[in-house]
Amino acid sequence: MENKVEKREQWTRKREYILAAAGNVVGLGNVWRFPYLCYKNGGGAFLVPYCFFALLCGVPLYLMETAIGTGYSYIVIQLYSRVYTIILAWALLYLIYCFRDPLPWATCNNPWNTDRCVDLTSLNSTQTHRGNQSVNWTSGNLTKSSVSEFWERGVLSMSGGIEELGEVQWEVLLCLLAVWVVCYFCVWKGVRSTGKVVYFTAVFPYVMLAILLVRGLTLPGAWQGVVYYLYPDPSRLADLQVWMEACAQVLFSYGVASGTHITLSSYNKVTNNCYRDSVWLCVLNSCTSLVSGFAVFSCLGFMAEKQGIPIEKVVTSGPGLAFIAFPQAVAMMPFSGLETLTSSMIDMFPGQMRRPWRREILLVVFSSFTFLLQITLTTQGGVYQFELIDYYGANGICVLFVSLVQCVAVGWAFGAERICDALEDMTGQRPGVFYTVCWRYVTPLICTVCFIGFFLDFQPLKTSDGSVYPNWAYNLGWAIAISSVVTIPIWAVSKIYFTEGSFRQRLLVLWRPVSDLVGPKTKEERSLNETEMKSLSAPFPDML
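Residues numbered from 1 in each chain as written. Predicted model: local features only at pLDDT ≥ 70, side-chain atom pairs only at ≥ 80, totals over all residues. Heavy atoms only, no water.

For the protein chain, the name recorded in an unreviewed UniProt entry is Transporter, with Dissostichus eleginoides as its organism. In its Subcellular location (unreviewed entry) section, the UniProt record describing the protein chain reads: "Membrane". Looking at the Sequence similarities (unreviewed entry) heading of the UniProt record, one finds this comment for the protein chain: "Belongs to the sodium:neurotransmitter symporter (SNF) (TC 2.A.22) family." (UniProt positions renumbered as here; feature names shortened; annotations may be inferred.)

(A) Up close: the state of the cysteines. Per the counting criterion, the structure on display carries one disulfide. Between the sulfur atoms of cysteine 108 and its disulfide mate cysteine 117 the distance is 2.1 Å. Linking cysteine 108 and cysteine 117, the disulfide has an S-S dihedral of approximately -75° and is accordingly described as left-handed. Take cysteine 108 and cysteine 117: they sit in the same class, and that class is buried. Cysteine cysteine 38 is unpaired, with the sulfur of cysteine 51 as its nearest cysteine sulfur at 9.6 Å. Unpaired in terms of disulfides, cysteine 438 finds its nearest cysteine sulfur in cysteine 57, a separation of 7.9 Å. (Disulfide = S-S within 2.5 Å. Buried < 20%, exposed > 50% of the residue type's maximum accessible area, 1.4 Å probe, protein only.)

(B) Looking closely at the packing of aromatic side chains. Under the definition given, this model contains 39 aromatic pairs. Here tyrosine 275 and tyrosine 435 contribute two aromatic rings whose centre-to-centre distance is 5.5 Å and whose plane-to-plane angle is 70°, an arrangement assigned as edge-to-face. You'll find tyrosine 275 and tyrosine 435 in the same group, each marked buried. On the basis of an interplanar angle of 85° and a centroid distance of 5.8 Å, the ring pair of phenylalanine 454 and phenylalanine 455 is categorised as edge-to-face. A residue is classified by how much of its surface remains accessible, and phenylalanine 454, at 13% relative accessible area, is buried. Of the aromatic side chains, those joined through ring pairs into one cluster are Tyr84, Trp90, Tyr94, Tyr97, Trp105, Trp112, Phe150, Trp151 and Phe386. Its end group placed over the ring of phenylalanine 414, arginine 418 keeps NZ or CZ at 5.0 Å from the ring centre. Across from the ring centre of tryptophan 412, 3.8 Å away, lies the NZ or CZ of arginine 440, which sits over that ring. (Phe/Tyr/Trp six-rings, centres within 6.5 Å; stacked < 30°, edge-to-face > 60°. Lys NZ or Arg CZ within 6 Å of the ring centre and 35° of its normal.)

(C) Layout of the pattern of salt bridges. For the coordinates displayed, the defined rule picks out six salt bridges. Notably, a salt bridge pairs glutamate 16 with arginine 13, separated by 3.7 Å at the nearest N-O pair. With a shortest N-O distance of 4.0 Å, aspartate 239 and arginine 236 are connected by a salt bridge. One continuous salt-bridge network, built from bridges that share partners, spans Glu417, Asp421, Glu424 and Arg430. (Salt bridge = Lys/Arg side-chain N within 4 Å of Asp/Glu carboxyl O.)

(D) Representation of the UniProt feature "binding site: Na(+)" (unreviewed entry) in the protein chain within the structure. The sites that UniProt annotates as "binding site: Na(+)" (unreviewed entry) are Gly23, Val26, Asn30, Ser253 and Asn285. Note on placement: glycine 23 falls in helix α1 (residues 14-25). Within the secondary structure, asparagine 285 sits in helix α13 (residues 274-307). (Helix = DSSP H or I, 4+ residues; strand = E, 2+ residues; numbered from the N terminus.)

(E) Inspection of the nonpolar core at higher detail. If you look at the biggest cluster of nonpolar residues, it comprises 71 residues, and the most contacted ones within it are Phe46, Phe53, Tyr254, Phe297 and Trp439. With 51 residues, the next largest nonpolar core counts Ala89, Ile162, Tyr184 and Leu388 among its residues. (Core = buried A, V, L, I, M, F, W, Y, C linked by side-chain atoms within 4.5 Å.)

(F) Just the environment of cysteine 287, in detail. By secondary structure assignment, the location of cysteine 287 is in helix α13. In this structure the C-alpha to C-alpha distance between cysteine 287 and asparagine 30, which are 257 residues apart in sequence, comes to 9.2 Å.

(G) Expanded view of the environment of glycine 216. Note that glycine 216 resides in helix α9 (residues 204-217). If sequence neighbours within four positions are ignored, glycine 216 has contacts with Ala222, Ser298 and Cys299. (Contact = heavy atoms within 4.5 Å.)

(H) Inspection of helix α11 (residues 240-253) at higher detail. Helix length check: α11 (14 residues) gives 20 Å between terminal C-alpha atoms against 20 Å at 1.5 Å per residue, within 8%. Most of α11 is tucked away: twelve of the 14 residues are buried. Inspection of α11 places Gln241, Val242, Met244, Glu245, Ala246, Cys247, Ala248, Gln249, Val250, Leu251, Phe252 and Ser253 among the buried residues, and these make up the whole buried set. By the N-cap criterion, in which a side-chain oxygen at the helix start approaches the backbone nitrogen of a residue two or three places on, α11 is capped by aspartate 239, the distance to glutamine 241 being 3.0 Å. Of the residues trailing α11, glycine 255 is marked for its positive phi of about 75°. (Expected span 1.5 Å × (residues − 1). Polar contact = N/O pair within 3.5 Å; in protein donor to acceptor, adjacent residues only side chain to side chain.)

(I) Structural view of the packing of helix α22 (residues 487-498) against helix α23 (residues 503-511). Where α22 contacts α23, the two axes come as close as 9 Å, and the packing angle between them is 120°. The orientation of α22 with respect to α23, classified from their angle, is oblique. The crossing of α22 and α23 is right-handed. Contacts from Lys495, Ile496 and Tyr497 of α22 reach α23 at Phe503, Arg506, Leu507 and Leu510. Considering only residue class, the contact of α22 with α23 consists of five nonpolar, no polar and two charged. (Axes fitted to C-alpha atoms, helices over the stretch in contact; angles between N-to-C directions. Parallel < 35°, antiparallel > 145°, perpendicular 65-115°, else oblique. Left-handed = near helix turned anticlockwise from the far one by under 90°. Nonpolar A, V, L, I, M, F, W, Y, C, P; charged D, E, K, R; others polar.)

(J) Focus on unusual backbone geometry. A cis amide bond links aspartate 101 to the next residue, proline 102, at an omega of 5°. Assignment of secondary structure puts proline 102 in the loop between α5 (85-97) and β1 (117-118). Positive phi outside glycine occurs at serine 157, with the angle close to 50°. With respect to the helices, strands and loops of the structure, serine 157 is situated in the loop between α6 (146-155) and α7 (170-187).

(K) Here's a closer look at a nonpolar patch on the surface. A contiguous nonpolar patch, built from Phe200, Val203, Phe204, Val207, Met208 and Ile211 and spanning about 510 Å² of accessible area, is present on the exposed surface. Among the elements that line the nonpolar patch, the one with the most residues is α9, at four residues. Considering the arrangement of structural elements, one finds phenylalanine 204 in helix α9. (Patch = residues over 30% accessible without salt bridge, like charges linked within 9 Å, V, L, I, M, F, W, Y side chains within 5 Å. Areas by Shrake-Rupley, 256 points an atom, 1.4 Å probe, with all protein chains shown as cover.)

(L) Up close: the side chain of histidine 261. Within the secondary structure, histidine 261 is located in helix α12 (residues 260-266). A relative accessible area of 3% places histidine 261 in the buried class.

(M) Structural detail: the environment of threonine 85. Residue placement: threonine 85 occurs in helix α5. In this structure, the C-alpha to C-alpha distance between threonine 85 and leucine 177, residues 92 residues apart in sequence, is 9.9 Å. Here arginine 82 takes part through its backbone oxygen, which lies 2.7 Å from a polar atom of the side chain of threonine 85.

(N) Structural context of the side chain of threonine 427. If you trace the backbone, threonine 427 turns up in helix α19 (residues 397-427). According to the relative accessible area criterion, threonine 427 is buried, its value standing at 16%. Polar side-chain contacts of threonine 427 include one of 2.7 Å to the backbone oxygen of leucine 423. Ignoring any residue separated from it by four or fewer positions in sequence, one finds threonine 427 in contact with Thr271, Asn272, Asn273 and Cys274.

Written out as structure tokens, the structure is:
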């Protein structure tokens, strides 16, 4: 029994896959990053390019990734995506603080508060209190809400920059440890454990989002935030950076170029209708992003009315936006990625890893090692490290490049019609001409334009207060971005080198689908393939 190689698992029920996929696409990209980018890029102006890219890039790529295999670039991107575990740690810490009365972010009487702190839950829109002191909002005083100070000074205790590491925030560190322990036990038995956990993890966020939405919309001043969210500023549409970040956000929130869709779909039966599932999950993703925007901006509208200032001046745009907006509403009232990394290692070495307790041991080692690396994120300068990895490592240029390459590989090398044939064989439903056109032309063209535009209108990362990072941090960021992209040319060169034949024959062999070259089993079919290879290579000059 110890030498028995276990078979690859499958979902016990279809709804377990739907819940897991929904929990994957509906997560940090919707509740945290989408409102943050809307706020940063002028509210409603951001929705126009977002919807454009969601239709022409997000949906086609999502369907593609539910039907094809994975690659090394996905694994590297997923490694960098583990940085988002720190957001779960912050969220857990907020959850713990919710059991205090009064809520620590609802008052200005805490050790971390300054003389600039104001309590938005008190009095009217022109006057509030800090303790026994009266503060006039319209007098021009530079003030900060109690919620903002709790986030920046209470939770993060932010240092002056990334070069100032500072002390470890022990409360955040313990929460990070708890998050990794929970993540481990959620995936340690594969889809057998994950399939049960998703009944809670996929549904509970919607319950909480609904509560926050209702509470936010009933706050005074909420309409001001909703108008800012929905009304676009046409001048912002001329800003190339707005379009670049909209494209990156679609790829990020849809989870493409990360391998998670491939992993979750691989546990389905061959006949599963991934075409139908993909369409509905994409609709769910975008709708959740839009609803999250209402929840955040209604809270920001309330804060703006209380402070008597424009909504764009309420808080600084940054990773903490949701942690500032959502707690204010409360005061007034990451499993799939880990599974992707684990399953990739097991599938690469099935003979060694599909044995009893090998998966559990692998997860213990990986989770422990990653936790130790992330201890620096719990320091006073940890939020700057987080912003650096978020900006360069897990989205943006690397995701654009990987998306472009897989479109070319599937749409042209494998063939858009061939993947449509395969999907029709598996599901009984053939994707429409819209997907064929997108896979071959529209999506790779958009990815190419955005990839080039990223460099033409490149804006270096800055902190939430507008300060620049040191040069060594920017160099490290570019090294992080290149590390996931460089795996593609390295793999291509190695495959060309180790393939037999002349250079043109190697290219022809590697460019064509494997099934065309190794599929024939009779002597006549092999001979036909050899003849076809010779005829195909005739027009090409010998490049050796």
